[in-house]
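Architecture at a glance
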Amino acid sequence: MTPLAGTLLAVDPVPWARSQMAFTLAAHIVLVPLGVAWAFMALVANWRAIKRDDRDALLLAQRWAKYMAVTFAVGAVTGTVLSFEFGLLWPTFMGRFGAAFGIPFAIEGLFFFLEAIFIAIYIYGWKRMQPWHHFWSGVPIVVAGIGGTVSVIAANAWMNEPSGFTLDSAGKVTQVEPLSVIFNKAMPYQALHMTVAAYLVGGFLIASVYAAGMLKGRTDRYHRLGFLIPFTVAVVAAPLQMITGDALARFVYSNEPAKFASIELVPKTSSDVPETLFGHLDAEGTVSGGIRIPGMASWLSDPRTGTATVVTGRNAFASDDQPTVAEANVVHLAWDVMIGIGTLLTLLAVWYAISWVVRRDMPRSRLFLRIAAGAGILSIVALEAGWVVTEVGRQPWIVHEYLRVKDAATTNGGVWITFCVVCAVYLAVGTTLILVLRRMSRRWREQRGEEESDVPYGPRPPLPAPVPGDEVPIG
Amino acid sequence: MSALVAVVLFFGVTAYAVFGGADFGAGFWDLVAGGAQRGQRPRALVDHSIGPVWEANHVWLIFCLVVLWTAFSPAFASITLTLFVPLTLAALGIVLRGSGFAFRKSVFATRERRGYGAVFASSSVLVPYCMGAVAGAIASGRVPAGGVAGDWWSSWMNPTSILGGVLAVTVCAYLAAVYLVHDAGRLDQRDMVRYFAARATCAAVVAGVVAFAGVFVLYADASYLFHGLTSRALPLVIVSALCGLGSLWMLARGAYRFARPLAIGAVAAVVVGWGVAQWPYVLPETLKVAQAAAPTATLASVLVVFAAAAVLILPSLGLLYVLDQRSVLQEPPADAHERGGDARAV
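These numbers were taken from a predicted model, which means no experiment stands behind them.

Some details on the overall build of chain A
- Within chain A one finds 14 helices and 8 strands.
- In chain A, which comprises 475 residues, the share counted as buried stands at 51%.
- When contacts within chain A are restricted to residue pairs at least 6 apart in sequence, those whose partners lie at least 24 apart make up 75%.

Now the structure itself:
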């Protein structure tokens, strides 16, 4: 090995491995709500299209299916990268705990398979399948999407609350109880929270596109429907998410006190702990800045004991067994962002609900549409923030109290190079994805009024003749 | 029980080679199809042929990874530790390939289609090469067990890995061409049938020559595998050779119906032969399958999931392939509402 190559490949891999995992997960998680929730919304539109012979709904369902084809493909391949990365970045983790951690993934594989098969049938089945057969071919996508989410989250929850295995003196897994691995303590809370999140984010994100269109004056029935279906889904999900989030937070309070101390920025164990909005912790362990609501953190942790509830502080843990001060600040900030956005989105949901109850219509004001148009991005920020809370809050552990992140990482010194390459590739793919989706939408807008030769659920088209030229797809 | 799970793993590897491999091979033919004008029809056939099935086929890779890391975690850790470079390249190639393909289908301008198509097609060659190189590295005993990394460069830049990579690319191209002949026939595109039949024949001959040369490479570079292939795996090697020759003969006679199963047989026999030749090692001569195996309950879970897959997935896959082969699955309609058709026709 040349000296240069030696230097280039001798960089500490741990921070780069963490960055690469964080970056690729952060990218993939944006596609998750689309993969999980979009099929459901397309089916709602599809159902309406068949039941009421609604052309606008039919057109929506078809276009959504086409967008889904693109986002699902990118989601599938970015998800595959994560499978590689478990080994490439964390070989010791997989080598030691794969026998337990892998089990939920085996089940996830099953759901992913079903999803990939039926999404293909649904996307390609518009023309020649019977309407109801075609509709039902979409239902497994919804089921598999939820099943897949629950399985992956079960694996993540296991990292927070490892259970269902026995180690020998050398630290090797000698016995596994698969059901205790899957149904670990954190699993129900986290799985529910993420599943609702997928519908919440997917709903707000898709609705935001149509809200933006309506702001630009595209207020036809098609755009209205494109807004109402996903927005209604999100409006149902938003208050539900407050409940699942609250339950999860209380679970973390009881079971993952080190994470909770970082979330609430509690330096010392005490009762009557204030809820600090923003603010930050310094190296001496004092909290400065931010707005303090007296006793609120204690009260929220357990309303039964109110402000007398004792919250374990960071002083209760050895400094290398809990997030660093910087990490705690990140966790706390992410927490505040998630809660803040969640509250805002719930208020938006309430506005919408009141308007329906009172006027039997969505709110008419432009302010509502403006907020709704921003809600898509906001909900993604909240999703990312929530994931930061659970992942950074678990530091320095990869398997809580069993394996540290730094001991789990690969020894390959070249990870910083792959990190840079991965970033470049993902940025390119992400940008292109957005451009392609916009291009599709613009193309369809321009096509309005033009004659089309394709009939959905129509008779078999004639076989294509060989045609010279570039823009004639066969089939 | 570990042996049974190893069989399940190799079932996945074989399925990935036979189905996923053909999708990669289709990308190869896309790459060499020539300019936008000349390559338009073969590319359209490739699009049409793999569009509905490639994602489902791709899941076999996930299946293999998951079974490997759950049931044989120490082997997975060793493989990913040593073969960091080719596996990273493969992962990036998979991203570029999948997104390139999806993007190309969604845009209509020639220039853009060409760009995405080039990304899709070139990564379709990169990925099987890397996978083949990884297989070669494992088979030639260059992945050490026990949490130490083998050589980051020579572990996959060696005669057996290069053989594995080249063989993977040619075999994928061969499979794909045979499938495309069939699909062209199904769509009544006579010229495309001739086009891909000629290429299938070429690819078959090249794959045969590479495989034959490979015998000497393995003799010199991977003695354990060579020994296995010439003893207990010999029947499979012979089956593969016979199937390969048979499919060539069927191609020459124009009996394309029979060329396809024979081509599948040739590839499947080689992959299974690799597994049998390597037995009882997961990493030849350093880690045995039984040593690498997870605790019994984990192995049992993998088998239960596999059984569930057999009940749920195989019929679903069958449905997908049948619908696809009967041309029920077509490009989605463009815009419907502008025209006056009845949405509930049929």
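Quick word on the overall build of chain B
- When helices and strands are tallied, chain B shows 13 helices and 2 strands.
- What you see for chain B is a C-alpha radius of gyration of 21 Å, in line with the 20 Å of a compact globule of 346 residues.
- The principal-axis extent of the C-alpha atoms belonging to chain B is close to 65 × 45 × 35 Å.
- Taking as baseline every contact in chain B between residues at least 6 positions apart, the subset at least 24 positions apart corresponds to 78%.

A closer look at the environment of Ser208 of chain A
Residue and element names in this part refer to chain A.
- With respect to the helices and strands, Ser208 occurs in helix H7 (residues 187–215).
- Residues Ser208 and Trp136, spaced 72 residues apart in sequence, show a C-alpha to C-alpha distance of 28 Å.
- Sequence-distant contacts of Ser208, that is, excluding residues within four places in its chain, are made with Ala372, Ala373, Gly374, Ala375 and Gly376.

Some details on the nonpolar core
- Formed by 296 residues in total, the largest nonpolar core has its most connected members in Met41 of chain A together with Tyr174, Leu175, Ala176, Ala177, Leu180 and Val267 of chain B.
- Ranked by residue count, the leading element in this core is helix H4 (residues 91–124) of chain A, at 24 residues.
- Those residues in contact with Met41 of chain A, other than ones at most four positions away along the chain, are Trp64, Ile206, Ile229, Pro230 and Val233 of chain A.

Structural notes on the interface of chain A and chain B
- Listed as interface residues are 91 residues of chain A and, on the opposing side, 80 residues of chain B.
- Elements supplying a minimum of two residues to the side of chain A that touches chain B: helix H2 (13–52), helix H3 (55–89), H4, strand E2 (173–176) and helix H14 (415–447) of chain A.
- Taken together, the residues of the side of chain A that touches chain B sort by class into 53 nonpolar, 23 polar and 15 charged.

Structural notes on helix H5 (residues 84–106) of chain B
- If you check H5 of chain B, its first and last C-alpha atoms are 33 Å apart, about what 23 residues at 1.5 Å a residue would give, namely 33 Å.
- When you tally the buried positions in H5 of chain B, you get 23 out of 23 residues, the bulk of the element.

Here we look at unusual backbone geometry
- Backbone torsion omega between Gln395 of chain A and Pro396 of chain A reads 0°, so that peptide bond is classified as cis.
- Its location among the elements puts Pro396 of chain A in the loop between helix H12 (366–392) and strand E7 (397–399).
- The omega torsion of the bond from Trp279 of chain B to Pro280 of chain B falls at 0°, within 30 degrees of zero and hence cis.
- Mapped onto the elements of the fold, Pro280 of chain B is located in the loop between helix H11 (256–278) and strand E1 (281–283).
- Positive phi values are uncommon outside glycine, yet Glu401 of chain A reaches one of about 65°.
- Position of Glu401 of chain A among the secondary structure elements: in the loop between E7 and strand E8 (403–404).
- In this structure Glu401 of chain A comes out as exposed when scored by C-beta crowding, with 10 C-beta atoms within 10 Å.
- Phi angles above zero are rare outside glycine, and Ser327 of chain B is one such case at about 60°.
- Mapped onto the secondary structure, Ser327 of chain B falls in the segment after helix H13 (296–325).

Rules used in this analysis
Residues numbered from 1 in each chain as written. Chains lettered and ligands numbered in written order. Predicted model: local features only at pLDDT ≥ 70, side-chain atom pairs only at ≥ 80, totals over all residues. Helix = DSSP H or I, 4+ residues; strand = E, 2+ residues; numbered from the N terminus. Buried ≥ 20, exposed ≤ 12 C-beta atoms within 10 Å, placed from the backbone. Contact = placed C-beta atoms within 7 Å. Rg over C-alpha atoms; globule rule 2.2 N^0.38 Å. Core = buried A, V, L, I, M, F, W, Y, C linked by C-beta atoms within 7 Å. Nonpolar A, V, L, I, M, F, W, Y, C, P; charged D, E, K, R; others polar. Expected span 1.5 Å × (residues − 1).

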